[in-house]
Amino acid sequence: MNSKFIKLLKIYIKRHSLLRILQIRECLNVKLIGNSVEFGAIANKDKTFSSFFTGKSKFKYSNLKKKNNIVSFDLTKNLNISKNSFNNVILFNVMEHLPSYNKTFSEIYRITKKGGLFIGSTPFLYQVHGAPKDYFRFTKQFFEFNLKKNKFKNIKIKTLGFGPFIASYSLLSSYLKYLPIISDLFLLISYLLDLFIQLFVKTNLKEIYPIGIFFSARK
């Protein structure tokens, strides 16, 4: 059986959110080489995204609160990190928690080595979740504009999801997870309903009802 499928199945069995599962699916297709930093990481490494990338990369972890091997950096300000420090910068489910993102793209560009990879994801049709606060939701067009504005190249942006029924399932999943069989049935029905209505709609439904946005770009 495919190793990627097995990893995703284990994540699903643990009842992680559908958004996280789709984000991890994208990570499994990305190979990282060199030194990397993951912003928004927490002390529990099982909940970081770095472990789901392929390739060999040495990681550093950062969050607002310094703890154990987690260093503290604030992405709303100038970073106390040298220019061209990292081959890869990872930013998952962080930007919606920043009260200001004016410096985020430019500072990440500055600390990334030439040819280095900036990769991340944010929620879209997703419940308000404080960490400690939740400020924004970003569209595909937002990332296209700001990555180009800050000189990133080879920009790739994907919408995560399937359609309105899967989006509805995602919004209810935090409650449905306590009813595993019902949750699984709801997910299957939602997926089939999205497939059905897609037959009558020319636009890809996940472009209209994304539960998240995934992006990558190079310096």
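Remember, predicted model here, so these are calculated numbers, not experimental data. (Residues numbered from 1 in each chain as written. Predicted model: local features only at pLDDT ≥ 70, side-chain atom pairs only at ≥ 80, totals over all residues. Heavy atoms only, no water.)

1. Here's the deal with the overall build of the protein
Phase 1 of the analysis: Helices and strands together make up the secondary structure of the protein, namely seven helices and seven strands.
Phase 2 of the analysis: When its helices and strands are written in sequence order, the protein yields α-α-β-β-β-β-α-β-α-β-α-α-α-β.
Phase 3 of the analysis: Its C-alpha radius of gyration of 18 Å places the protein within 12% of the 17 Å reference for a compact globule of 219 residues.
Phase 4 of the analysis: The C-alpha extent of the protein, read off along each of the three principal axes, is 50 × 35 × 35 Å.
Phase 5 of the analysis: Evaluated residue by residue, the protein yields a buried proportion of 42% over its 219 residues. (Helix = DSSP H or I, 4+ residues; strand = E, 2+ residues; numbered from the N terminus. Rg over C-alpha atoms; globule rule 2.2 N^0.38 Å. Buried < 20%, exposed > 50% of the residue type's maximum accessible area, 1.4 Å probe, protein only.)

2. Here's the deal with the side chain of H97
Phase 1 of the analysis: Positionally, H97 belongs in the loop between β4 (86–92) and α3 (104–111).
Phase 2 of the analysis: At a separation of 2.7 Å, a polar atom in the side chain of H97 contacts the main-chain carbonyl oxygen of K133.
Phase 3 of the analysis: In this structure, H97 is in contact with H129, G130, A131, K133, D134 and Y135, ignoring residues within four places of it in sequence. (Polar contact = N/O pair within 3.5 Å; in protein donor to acceptor, adjacent residues only side chain to side chain. Contact = heavy atoms within 4.5 Å.)

3. Section: the environment of D184
Phase 1 of the analysis: Residue placement: D184 occurs in helix α6 (residues 180–198).
Phase 2 of the analysis: Residue D184 is classed as partly exposed on the basis of its relative accessible area, which comes to 30%.
Phase 3 of the analysis: Apart from residues lying up to four places away in sequence, D184 is in contact with Y12 and R15.

4. Let's talk about the sheet that holds β4
Phase 1 of the analysis: The strand order across the open sheet formed by seven strands is β3-β2-β1-β4-β5-β7-β6, and the pairing between neighbours is mixed. Two strands close off the open sheet at either side, each with one partner strand: β3 (70–72) and β6 (153–160). Taken pair by pair, the neighbouring strands of this sheet meet at an average axis angle of 25°, ignoring direction.
Phase 2 of the analysis: Note: strand β2 (residues 54–63) against β3, three bridges, orientation parallel. Bridge pairing in β3 links Y61 to I70. (Pairing = 2+ DSSP bridges. Axes fitted to C-alpha atoms, helices over the stretch in contact; angles between N-to-C directions.)

5. Focus: unusual backbone geometry
With the exception of glycine, most residues fall at negative phi, and the peptide bonds are largely trans.
Phase 1 of the analysis: Here N84, not a glycine, exhibits a phi torsion of approximately 55°, which is positive.
Phase 2 of the analysis: Tracing the chain through its elements places N84 in the loop between β3 and β4.
Phase 3 of the analysis: N84 gets classed as partly exposed once you look at its relative accessible area, which sits at 34%.
Phase 4 of the analysis: In this structure, K151 takes a positive phi of about 75° despite not being glycine.
Phase 5 of the analysis: Note on placement: K151 falls in the loop between α4 (140–149) and β6.

6. Side note on a nonpolar patch on the surface
Phase 1 of the analysis: A cluster of nonpolar side chains, namely F165, L185, L188, I189, Y191, L192, L193 and L195, defines an oily patch on the protein surface of about 680 Å² accessible area.
Phase 2 of the analysis: With seven residues, the top contributor of residues to the nonpolar patch is α6.
Phase 3 of the analysis: With respect to the helices and strands, F165 occurs in helix α5 (residues 164–176).
Phase 4 of the analysis: By relative accessible area, F165 is classed as partly exposed at 33%. (Patch = residues over 30% accessible without salt bridge, like charges linked within 9 Å, V, L, I, M, F, W, Y side chains within 5 Å. Areas by Shrake-Rupley, 256 points an atom, 1.4 Å probe, with all protein chains shown as cover. Salt bridge = Lys/Arg side-chain N within 4 Å of Asp/Glu carboxyl O.)

7. Regarding the pattern of salt bridges
Phase 1 of the analysis: A complete count under the given rule lists six salt bridges for this structure.
Phase 2 of the analysis: With a shortest N-O distance of 3.0 Å, K158 and E26 are connected by a salt bridge. With a gap of 132 residues between them, K158 in strand β6 and E26 in helix α2 (residues 18–27) connect regions that are remote in the sequence.
Phase 3 of the analysis: Using a relative accessible area of 37% as the deciding quantity, one classes K158 as partly exposed.
Phase 4 of the analysis: Between D74 and K77 there is a salt bridge whose closest N-O contact spans 3.9 Å.
Phase 5 of the analysis: Assessed through its relative accessible area of 51%, K77 is described here as exposed.

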